[in-house]
Structures are given as C-alpha cells and as structure tokens.
Amino acid sequence: MILIALIAIPLAGGVLAALLGRHHPGAARWTALAALGLDLILALAGLLPALTRPPQAGPWLIDLGLPWIPSLGIGFHLAADGLSVVLILLTLFLGIVAVACSWREIGERTGFFFFNLMWVLAGILGVFTALDLFLFYFFWELMMVPMFFLIILWGHENRIYAAIKFFLFTQIAGLLMLAAIIGLYFVHGRATGVYTFDYPALLGTRMPAGLGMALMLGFFVAFAVKLPAFPVHVWLPDAHTEAPTAGSVVLAGLLLKTGAYGLLRFVLPLFPEAARAFAPVAMTLAVAGILYGALLAFSQTDLKRLVAYTSVSHMGFVMLAVFAWNEMALQGALIQIICHGLSTGALFVIVGMLQERLHTRDLRRMGALWNQAPRLGGFAMLFALASLGLPGLGNFVGEFLILIGVFPQAPILTILAAAGLVAASIYSLWIVQQAFHGTAREQWRIRDLSGRETAILGVLTAAIVWLGVYPQPVIETARPALAHLRQAPDGAPAPAPEPVAVSGRQGEIDAQR
Amino acid sequence: MHNADFMALLPLMVLSAACAAVMLLIAARRHHGLTLVLTLAGLAATLAVMPEAGRWMPIRITALLTLDTFALFFIALIVLATMATALLGYAYFDAWGGHREEFYLLLLIAALGACVLSMSRHFAAFFIGLEILSIALYALIAYPRRRAASVEAGIKYLVLAAGSAGFLLFGMALLYADRGTLDFSALAAGLSTPGQDRPLLLLAGLALLMVGVGFKLALVPFHMWTADVYQGAPAPVTAFVATASKSAMVALLVRLLAPLDFNTAPELFDILAALAAASMVGGNLLALRQQSVKRILAYSSIAHLGYVLVAILAAGPAFVPAVMFYMAAYTLAQLGSFGVIAMHSTAETEADSLERFRGLFHQRPWMAAVLTAMLLSLAGIPLTAGFIGKFYVILAGTQGRLWWLIITLVLTSGIGLFYYLRIIVTLFSPAQAPRTTPTAAGPAAFSGAAVLTVTTILLVWLGALPESLVRLLQHVTP
C-alpha cells in the first residue's frame, strides 16, 4: 500500500494545489511542498526499513499486485527493489527542489503549475515502481502530458516549438515501445498459454533471434529518446532551454533517468541475447553522444542550452555503462544517474536564478558577476566542478566506476569516453569564466542569493559532496537489485568477463584518488 | 413472426413510436422544450426495453434482421449518442428564430435508420437502414436552411450519398445475380470456393460494395465530402454524423466481413489494407494544416476509421471487442469535442476556426479542460478511453500479425498528435482580445454542460478502469 500512497499523495496534492491556487497562490505552493515533504517522510519511513530484509526473500522489497484489467492479463503491479528505492528518493528530493526553486519564478496560474508539477512527479514515481508492462507504459505516457503543459504555459520564448517537438519525439518512440510490449505479450502467450503483461512472468521468455532484436529495438528506441542518446537527442536542447526552471530540473534530473531506468530494468533483462548482440552499436552511440554533446555544449552561447547539451554528454556515460552490463559499470551508472540529476539540476537552478536577475541567458552579456554575487558564483563554481568530475564530488565516483567497468570490455571506446571528461573540464570552466570572471561586459546590478536560494543550493551541495566522499550506502542499497537484474535468465549464456566488483570501502578509496 | 420476434424488435418499435409521437406533438403544439423532453423520453424508453429484448437473443428476426449482443451494444451506443446530440441541439437552436422542433424528429428517424443498420444481416435491411439514415441526414445537415454553408453541405452530402448508394445497389445486384440470395452469409459461402472457380460477378459486386461502404465511412480515397460536410453542418449534427452514423456503418461492415476468412479472399484483404493505410496516412496528413477545428476533426475521423479498419483486418479473436471498444471511445471523444464546439456556436454563427478558440483556457477553463481531455483521448494518451482503444487496436493488429499496418498506425498517429497538440496549444495560448462568447442561459446551458460532464466522466472512467467494459465485450461475436 505504501507504493500506492507514494503515488497518490502527489496526485491528490496536485489537485488540491490547483483548487486552492485559483484564489491563493501561496496556498498552492505550501500544499505542493507539504505533499512532497509528506511523501518523502513516508518513503524514508516505509522503504528504508524494508532494505534490511534478508536477500534470499527475493529481489522485491515491497510487492503489491492488484487486478486491474484481468481480462487482458493486465495487473496493477507495483514493486520496489533497491534500485527503485534510490530513484524514488531522488525523485522526491528533486521534486522538493523544483517546488522551492519555482517559489517566486511562477507568478501566474500558480495552482495549475503545481498541479502539473506534482502529476509529472507522480508519473515518474509510477515509472520507477510499475512492474506490469502495461502499467509502466501507462505511467510512461502519463508523465509526458503535464510536462508538455509545464513547457507550453510557463516556458520561455520558443516554448511552443520546443514542447511539441518534445512531445512528438517521446510519443512516437513510446508507441513503438507499446507495439513491442504487445509483441512480447503474444510471444510469451503463445509459448506458455499465459497471456500476461506481468514483468516477472515475462522475464526469460524465449524467442527467435530476429524477433527478439525487433522487440528489443522497440523498447530501446523509446528509452534512447528519453535518455537521450545520440542521434535522437535533438528534442532535448530545445525542451530544456524553453522549460521553466522547475521543468528543466525535473527534465534533466528525473525524466532522463526514466530512460536509463528502462534500459536497466527492461531492455537487458527481457532481451539478454538481443541486447548483447546490439551492445557494440549502443556503446558506440553512447560514446558518440558523450563527445558530440560535449562539443556542442562548448559552442553554445545560451547558458541554459549549454547545460542542456552537457546532459547529452553525461547520459552517454550511463548508456555506455548499462550496455557493458557488469557490476562495477552498473554501480557507476547508478551513481552517475543520481549525481547527474543533482549537479545538472543545480546548474539549471543557478541558470534560473541568473535569468531571474539578468533577464537573459546569453553568456556573452555576462561577466564578472562574482563581484556582486559571490555566493551564487561560489555555488556555480562548485557544481561546474562537479560536472567536470572533480574528485570529492559525486560525479567523479560515477564516471570513474563506469570507465573502470567498461574498460575490459571495450578499451578503445573507454579511451574515447575518457576524452569526453577533458571536454567536460573545458565547458564547465568556460561557464564559470564567462559568467563570473573576466571583465564586466554590461553594468549589471544584481543581488546575491536570498536565504531560500542559499538553502536550495546548500542542500544540493551537501548531497553531492556526500555522494562524492561516501557513496557506499547508495551502492549497498541497490547492489542486490543490480545483481538480480544481471542474473542471466535461464538458458542464456554467461555474461562476458568482468572486473572485480566494488566492495567494502572501495568506493571511498575511489573518491580519494 | 413469433412472439419472440416482437419482443426482440422492441427497441426498434419503441424508437419508431417515439418518431410518431414527436411528429404528432409538433403537429399539435410547437414547443421547443417539450419536444426535447419527449425525444429524450423516447430514447430513454428505447434503452429501457433493451434488457427485455436482450432476453431473447441471439435471435434472427425474419430474414432481414438479427439481434445479438453485438447489435445491442451498437444500438445502445447510437441511442446514447442521439441523446447527447439532442441535448446539444437544444442549446444550439435555443435562440434560433426558425422552426426548431423538426430537428428532433429528423434526429430520431436517423437514429432509427442507424439502429436498423446495426441489426441487419441482409442486403435489403442494409439498404433500408442506410436510406432511412441518409435521408434524415440530408435534412439535418442543411437544417439551418438560411445559412449557405449548411445548405451547400447538405447538397454535397445528398449528391455523394446518392452516388454511393448507386454503387451499393449495383454491387448488391451483382451479388444477387451470382448467389441468388441477399443474405450476408452468401458472401462468405461464395468466397470460400477456391482458386479459379471464383465467380467474377461476386468479386465485382464486392468491389462495388466496398466503394459504397468506403464513401459512408469516408475512407481515403472516398473522403472528399467529409471536411465540407463536417464544417457546413450544424455542430450537433456533425457530432451525430461523426458518431452514430459512423458507428452503425462500422457495425455493418464488421457483420459483413466477420464471417469471411481473408485467406480465401486475399484480394479483398489487399483492397481493405490499402484503404486502411491510405486513410491513416491521408487523414492525418490532410488534417495538419487546417485552420478550422471542425475540418481538423473531420480529417482525424478519417484516420480513426483507418485504425478501426486495421482491427477489422486483423480478424483474430480480439478484433470484435477491439472494434467495439474503439468505437465507444471514439464516440465519446467526438461527442465531447463537437459538444464544446456546439456550446460556442449558435445556429447563426458556427465557431469553427481555430482562432476562435485561442485562449479559451483563460476565459472558460472547464470548457478548455473538457476539450483537451477529448483531444488527448483522440490522440490516445493514457487516463482516457482513447488510450485503451488504441491499445486494443494495436493488440488486435499484433494478434493478426499485420506488422506493416501496425507500423503505419504508430507513425501516422504520431503525425496525428501534432494537430491535436496544435488545438490544445491554441486553447492555452494567451487570448488576443477579450470577446463576447455566446453563452446560452438557463436550461440550454445546462443541457450542453450535462452532455459534456457525462462524456468527460465516462471518458476518464473508461480510461482508468476499463475492465467492466472489456469483460462485457470480450466474447462478443457478430
């Protein structure tokens, strides 16, 4: 029941915020914040104790199955393992950040704004916990509509173009996934006589190689668009740039993660052979994304667009790791997922704060802002350093684990990906140099961070430092889940040789290198 | 005729009686509200006798008609759509100076024709039902007869429908010449003769029949009339044409094709597959650049019928429930969309340009929310009935292994998304200038709002908890 409550609270909070917000914008804000706070407390209180369960009791810490459309083999099946728990906590944490950073930015139709924000979050929570493929698709599509409204109603200049592009890309790719889901349903049904969309039942379905590849690609395209992977990333720069700050935070911090989660949870476990055959292509695309994203990021003049392109680069690492499919790479992918959410989310918040003060995102018009807003500059410096992978901050741990994990399987690709880190240093320092140092190109008079803004960035800083120096709790939480995902379903050949897994205090040691 | 036959015919008889009663009422006393009440009462009585008639199913009533769950479902759909149309018509014609009462009489007659169509299993009944429906529709489309656009649409529909009726009749004649009977089952029997012995007359007749049916369903390339008629007709009538009339025709097509085995008739399969693909591509592409909401919906309905045809071609066990669910979802969404348009129109001025709806969200948020929900349903987004419908169609198509049609469906509905989003974006854009909206007052406003509320609730209910309807439809066979 706790999983239902986790999803229902934001839904209900959203409706309440919409009703209250018509006359009292302030009430809508507080409702949204209270609902998410309550949800976070509930998640901490309800999910963390479940982590202590003995591992032999199965992979699912919490498992809830209710009939929904039994005539078609569709169930309302929600479950959480360690991976889901980590992502749920990330969702709620960034959700609160998103509410907090839109506290003053959103002045009109506040109630409806928070309604959409809460419904996106509920859809994301559903995606991270749904174990019925139909239900998963349901949530997958459900989170797109409010996001569309967030962009179209509260976005910047070119919002209509960006929102429609975003929706079309994800929707068409999603429909391909739906066709693949139904295909899998029939393959499994014809083989076993049981027609079901239930994920645990569908695991290990045997199918001819060609069909398996076709179905796998149906899933892959949907997740690759969301991730985003090169060359289907083209919606992302527009959507991120035009969305309001909270929308960008949710997009970069959470929506992209649903793509990575889908690859982890569905593509590789459901189609092990097809995915293994496809891995070289996927890993090449991932490295292309890393380098291409970094290159384009460097050539942007719109600060928000720059940060958007860094996402393409960083999420390339995640896809690289997922298709390497060994324990260390997957642990790295998980850390990278979380840290990218935090650091990019923070950078978008910072861009939002700059835009609120300067009314522009043009890097060429900024410069020497540090003098007037040292605290803002300091935070920007910190998150830029996190983004370039400075040891001691979370992203370093993720990228480092990924590179070590992938190297034995694809040395050349790993070397190329590592070159992406160099590019990351260039564009990250470029942001700081152009915006906060150098000569003042225009006479800006801006104020430094307010208490609320300091609190938002401070919390994000604490999180990213914590993950940088002591990521072990996160790794331990998700380890059984990741190990279970990697367990080859019966009949599949053993996975490729892999390096020794991180254990004990290794993560800490990594961070200190 | 036996006692059971009469009992099974009760829905048609009550509906006919309602026609007569409304006509007599109009003759005795012209009163807009009273006519509406009597119309609704007649339709409600039709619904009320359906369980009684249902006790005798499945039953063949003479050689012409049949009553089974399939027919009953479509009758219920048609009657409910007619009720909604009547209520919308009340709001629409309330302030109009002309004779308003005959609208309801024509509507009842059209509904009767549609019900006959969905019960028919014989070409004679098919033609009778079709003509009852069409003749009432000619008048309905041109009902505000001083408005040029309506009259033009009515004439257009008259000419093209008469033409297509010619094709149908000639096709039926050829079939009869070949098989010596007008029963639908003759078609399946004739096609099951393998290979070279296939009678040419039968194939020619079938081709002509498909032309006629294609006209009625507005499949590409027989779709030319659709946009003009949708645009010219009064909004409530457009709603009726898009829902009740299409549903009846789909029911008939399913009944005609369901007994066939497409393996013995690959030509027929190829023709229908080509029609389906052309409708999906053509409908969606033509809708992209339209400036009128009614025209967009017209072209989108062409595409939707293409999707339905995919399910029909799949011919697997899931196809009949898929078609039925899809038509229910489609009917709800179309009624809601045209309902919103009707609520902004009067018999003098039709609100159909996209610009007319710019910024509606800021002035009438609930109205905009309803239209958004309807459009999202047509686009097949979750939490709406349209999503389950599209899912069901893809399910049926996959079961029938129609891979190319499925891929066409997926890609073209992606195109379709664009124009639905275009309308939604317009609704939520800033309004350019405040303007006066014709707001019906009193009972008229209430009747329209009631339709919209009920359709929205049903739309979301079927989208969130479709199990009850799915289970009901699961084992239906025509």
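These numbers come from a predicted model, not from an experiment.

1. Focus on the overall build of chain A
Next up, step 1: When helices and strands are tallied, chain A shows 20 helices and two strands.
Next up, step 2: In terms of overall size, chain A behaves like a compact globule, its C-alpha atoms giving a radius of gyration of 22 Å where 513 residues would be expected to give roughly 24 Å.
Next up, step 3: By its C-alpha atoms, chain A is 70 × 55 × 45 Å across when sized along the principal axes.
Next up, step 4: In chain A, which comprises 513 residues, the share counted as buried stands at 61%.
Next up, step 5: In chain A, once contacts between residues fewer than 6 apart in sequence are set aside, the share between residues at least 24 apart is 81%.

2. Looking at the overall build of chain B
Next up, step 1: A count of helical and extended segments in chain B gives 20 helices and two strands.
Next up, step 2: Considering only C-alpha atoms, chain B reaches an extent of 70 × 55 × 40 Å along its principal axes.
Next up, step 3: Within chain B, the proportion of its 478 residues that are buried is 59%.
Next up, step 4: Of all intrachain contacts in chain B linking residues separated by at least 6 positions in sequence, the fraction that spans at least 24 positions is 80%.

3. Here we look at the confidence of the model for chain B
Next up, step 1: Summing up the model confidence of chain B, the mean pLDDT is 90 and the portion of residues at 70 or higher is 96%.
Next up, step 2: In the predicted assembly, ipTM is 0.88 and pTM is 0.90.

4. Observations regarding the interface of chain B and chain A
Next up, step 1: Each partner contributes to the interface: chain B provides 24 residues, whereas chain A provides 24 residues.
Next up, step 2: Elements that contribute at least two residues to the side of chain B that touches chain A include exactly α17 (385–399), α18 (403–428) and α20 (467–473) of chain B.
Next up, step 3: Take the side of chain B that touches chain A: its biggest share by element is ten residues, from α18(B).
Next up, step 4: The residue makeup of the side of chain B that touches chain A, split by class, is 17 nonpolar, five polar and two charged.

5. Quick look at the nonpolar core
Next up, step 1: Ranked by size, the top nonpolar core spans 405 residues in total, and within it A:Leu320, B:Val323 and B:Tyr326 carry the most contacts.
Next up, step 2: The leading source of residues in this core is helix α4 (residues 69–93) of chain B, at 20 residues.

6. Considering the environment of B:Tyr92
Residues and elements named next belong to chain B.
Next up, step 1: Topologically, Tyr-92 is positioned in helix α4.
Next up, step 2: Sequence separation of Tyr-92 and Glu-348 is 256 residues, and the distance between their C-alpha atoms is 9.5 Å.
Next up, step 3: Those residues in contact with Tyr-92, other than ones at most four positions away along the chain, are Pro-234, Ala-235, Pro-236, Ala-342, Ser-345, Thr-346 and Ala-347.

7. Quick look at the packing of helix α12 (residues 266–287) of chain B against helix α13 (residues 293–314) of chain B
All names here are of chain B.
Next up, step 1: For the pair α12 and α13, interaxial distance at closest approach is 7 Å and the crossing angle is 155°. Here α12 lies roughly antiparallel to α13, going by the angle between them. Seen along the crossing, α12 lies across α13 with a hand that is left-handed. Of the residues in α13, those touching α12 at Phe-269, Leu-272, Ala-273, Leu-275, Ala-276, Ser-279, Met-280, Gly-282, Gly-283, Asn-284, Leu-286 and Ala-287 are Ile-296, Tyr-299, Ser-300, Ile-302, Ala-303, Leu-305, Gly-306, Tyr-307, Leu-309, Val-310 and Leu-313.
Next up, step 2: Across the contact of α12 with α13, the residue classes tally to 17 nonpolar, six polar and no charged.

8. Description of the pairing of strand β1 (residues 62–69) of chain A
Residues and elements named next belong to chain A.
Next up, step 1: Here β1 runs beside strand β2 (residues 74–80); their pairing, made up of seven bridges, is antiparallel. What sits directly across from Leu-66, in β2, is Phe-76.
Next up, step 2: Between β1 and β2, which pair antiparallel in sequence order, lie four residues; one of them, Gly-73, sits at a positive phi of approximately 75°.

9. Focus: the confidence of the model for chain A
Next up, step 1: The share of residues in chain A with pLDDT of 70 or more is 94%, and the mean pLDDT across the chain is 87.
Next up, step 2: Confidence drops under pLDDT 50 across residues 490–513 of chain A; counting only partners more than four residues distant or on other chains, this segment forms 43 contacts.

10. What to know about unusual backbone geometry
Next up, step 1: A cis geometry characterises the amide bond from A:Leu227 onward to A:Pro228, with omega recorded as -5°.
Next up, step 2: Along the chain, A:Pro228 falls in the loop between α9 (209–226) and α10 (235–242).
Next up, step 3: With omega at 0°, the peptide bond leading from A:Phe230 into A:Pro231 counts as cis.
Next up, step 4: Mapped onto the secondary structure, A:Pro231 falls in the loop between α9 and α10.
Next up, step 5: Positive phi is not limited to glycine here, since A:His359 has a value of about 60°.
Next up, step 6: Tracing the chain through its elements places A:His359 in the loop between α14 (327–358) and α15 (374–388).
Next up, step 7: Residue A:His359 is classed as exposed on the basis of its C-beta count, with 7 C-beta atoms lying within 10 Å.
Next up, step 8: Here the phi dihedral of B:Leu383 falls at roughly 75°; this positive angle occurs in a residue that is not glycine.
Next up, step 9: In this structure, B:Leu383 sits in the loop between α16 (365–379) and α17.
Next up, step 10: For B:Leu383, a count of 19 C-beta atoms within 10 Å gives the class partly exposed.

How each quantity is defined
Residues numbered from 1 in each chain as written. Chains lettered and ligands numbered in written order. Predicted model: local features only at pLDDT ≥ 70, side-chain atom pairs only at ≥ 80, totals over all residues. Helix = DSSP H or I, 4+ residues; strand = E, 2+ residues; numbered from the N terminus. Rg over C-alpha atoms; globule rule 2.2 N^0.38 Å. Buried ≥ 20, exposed ≤ 12 C-beta atoms within 10 Å, placed from the backbone. Contact = placed C-beta atoms within 7 Å. pLDDT = per-residue confidence, 0-100. Nonpolar A, V, L, I, M, F, W, Y, C, P; charged D, E, K, R; others polar. Core = buried A, V, L, I, M, F, W, Y, C linked by C-beta atoms within 7 Å. Axes fitted to C-alpha atoms, helices over the stretch in contact; angles between N-to-C directions. Parallel < 35°, antiparallel > 145°, perpendicular 65-115°, else oblique. Left-handed = near helix turned anticlockwise from the far one by under 90°. Pairing = 2+ DSSP bridges.

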